[in-house]
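# A closer look at the structure
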Amino acid sequence: MVVRWDYLLFQRRYLLEYMNRGFFSMNQGNFVRNGLVWGVDVGSSASYSGSGTTITDVVGSLNMTLSGTYTYSATPPRLSFNTSQGGSTTNAAALQINSGTIIVWARPSSVNSGFRGLLTKENAYGIFLYDNKLAIYDWGNAALRDTGITVGNGTWQMFSLTFSAIGTGTPSNNAMLYRNGVLVMTTTLRLNTQATTGVWLASNKGTQGFVGDVSSAYIYNTILTQPELLAHYNATKSRFSL
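Calculation notes
Residues numbered from 1 in each chain as written. Predicted model: local features only at pLDDT ≥ 70, side-chain atom pairs only at ≥ 80, totals over all residues. Heavy atoms only, no water. Helix = DSSP H or I, 4+ residues; strand = E, 2+ residues; numbered from the N terminus. Buried < 20%, exposed > 50% of the residue type's maximum accessible area, 1.4 Å probe, protein only. Contact = heavy atoms within 4.5 Å. Areas by Shrake-Rupley, 256 points an atom, 1.4 Å probe, with all protein chains shown as cover. Phe/Tyr/Trp six-rings, centres within 6.5 Å; stacked < 30°, edge-to-face > 60°. Polar contact = N/O pair within 3.5 Å; in protein donor to acceptor, adjacent residues only side chain to side chain. Pairing = 2+ DSSP bridges. Core = buried A, V, L, I, M, F, W, Y, C linked by side-chain atoms within 4.5 Å. Salt bridge = Lys/Arg side-chain N within 4 Å of Asp/Glu carboxyl O.

Assigned secondary structure in the protein chain consists of two helices and 16 strands. The buried share of the protein chain, reckoned over its 242 residues, is 51%. Partitioning the contacts of the protein chain with sequence separation of at least 6, the portion at a separation of at least 24 is 63%. Carbon together with sulfur atoms contributes 51% to the accessible area of the protein chain, which is approximately 10,400 Å² in total.

Following this line, the structure appears as structure tokens:
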């Protein structure tokens, strides 16, 4: 067997360059990567330069396009939104998941009345605020699933949703909503359709715009456990002086 040392050195150099660009620059020893299919992080130069309308997907090639009004700040790294359109991807097959996990780091303001999308794929899955309270919407059953917990308080928080078999039969108690790695609600989530749209950040298909700051978001095609979500929170919270 002939060893291509030049190729191996190229691969090593590429990996080091990618790491130096920022995606793994945080203390992410416990950051779960298995099953990760999409991710954006405005604190990484590999994902966002600090200007422009493109946030690069650090996992694959499903980049997000920003629209409407937003501003970027470096400390802590964030995009600030004010009921405008947010960011969106195409409706790629990798995002059409039946079971999985979504995570978003955000700092909601206190003026998120009605439905406000944090990280959503309309008619499939998503995390919302409803009247400043953490919630999801069950499109298959046309039902609000509300935790009753007020999170529109100007503090940085990590919101996570896990779900299983949303497109199979009539699921029940198949979704779990977490705040800072702690379970706050077990509920039901049923798919309506995957055909409507891609993933939206800080809105729901360009409407129901979120008011506040967003720093990063991730989607997995696997169901993360509570210890894994808590480890994710602990590995990333120092960015926000938590």
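What follows picks up the thread again.
Scanning the entire structure with this criterion turns up 10 aromatic pairs. For the ring pair F115 and F128, a centre distance of 5.7 Å and an interplane angle of 80° mean the geometry is edge-to-face. Linking F115 in strand 8 (residues 115–121) with F128 in strand 9 (residues 125–130), this pair joins segments that are 13 residues apart in sequence.

The topology assignment puts R239 in the segment after helix 2 (226–236). Reaching out from R239, the side chain makes a polar contact with the side chain of D41 at a distance of 2.8 Å.

This paragraph deals with the sheet that holds strand 8. The strand order 2-3-6-15-8-9-10-11 describes an open sheet built from eight strands, whose pairing is antiparallel. Of all the strands in the sheet, just strand 2 (54–55) and strand 11 (143–150) have a single pairing partner and so form its edges. Relative to strand 15 (residues 200–201), strand 6 (residues 86–88) runs antiparallel, the two being bridged by two bridges. Bridge pairing in strand 15 links G87 to L201.

Next up on the list: the nonpolar core. Nonpolar side chains in soluble globular proteins tend to be buried together. Counting residues in each nonpolar core, the largest one holds 43 residues, and the members touching the most others are W38, Y125 and I219. Those residues in contact with I219 that sit more than four places away from it in its chain are G35, L36, V37, W38, L95, I97, T101, I102, L119, Y125 and V199. Counting residues in hydrophobic clusters, the runner-up holds 14 residues, among them L36, L224, L229 and F240.

Moving on: the pattern of salt bridges. Opposite charge on two side chains makes pairing possible when the charged atoms of those side chains draw close. Under the criterion given, the structure shown has five salt bridges. In this structure, D41 engages R239 in a salt bridge whose closest nitrogen and oxygen atoms are separated by 2.8 Å. Here D41 is found in strand 1 (residues 36–41), whereas its partner R239 is found in the segment after helix 2, with 198 residues between them in sequence. A relative accessible area of 16% places R239 in the buried class. Three or more residues are tied together by salt bridges with common partners; here these are R78, R107 and D213.

Take unusual backbone geometry next. Cis geometry is adopted by the peptide bond preceding P76, which originates at T75 and carries an omega value of -20°. Position of P76 among the secondary structure elements: in the loop between strand 4 (70–74) and strand 5 (77–82). The phi torsion at N132 lies on the positive side, around 70°, for a residue other than glycine. N132 gets classed as buried once you look at its relative accessible area, which sits at 14%.

Our focus in this paragraph is the side chain of N180. Locating N180 in the fold gives a position in the loop between strand 13 (175–179) and strand 14 (182–187). Residue classification places N180 among the buried positions, given a relative accessible area of 19%.

Here the focus is the pairing of strand 13. Of the strand pairs in this sheet, strand 12 (residues 157–163) and strand 13 are connected by five bridges, and their pairing is antiparallel. Paired with F163 across the two strands is A175, which belongs to strand 13. Pairing between strand 13 and strand 14: five bridges, direction antiparallel. In the sheet register, Y178 faces strand 14, and the bridge partner there is L183. Linking two consecutive strands that pair antiparallel, namely strand 13 and strand 14, is a turn of two residues; a positive phi of about 55° is found at N180 within it.

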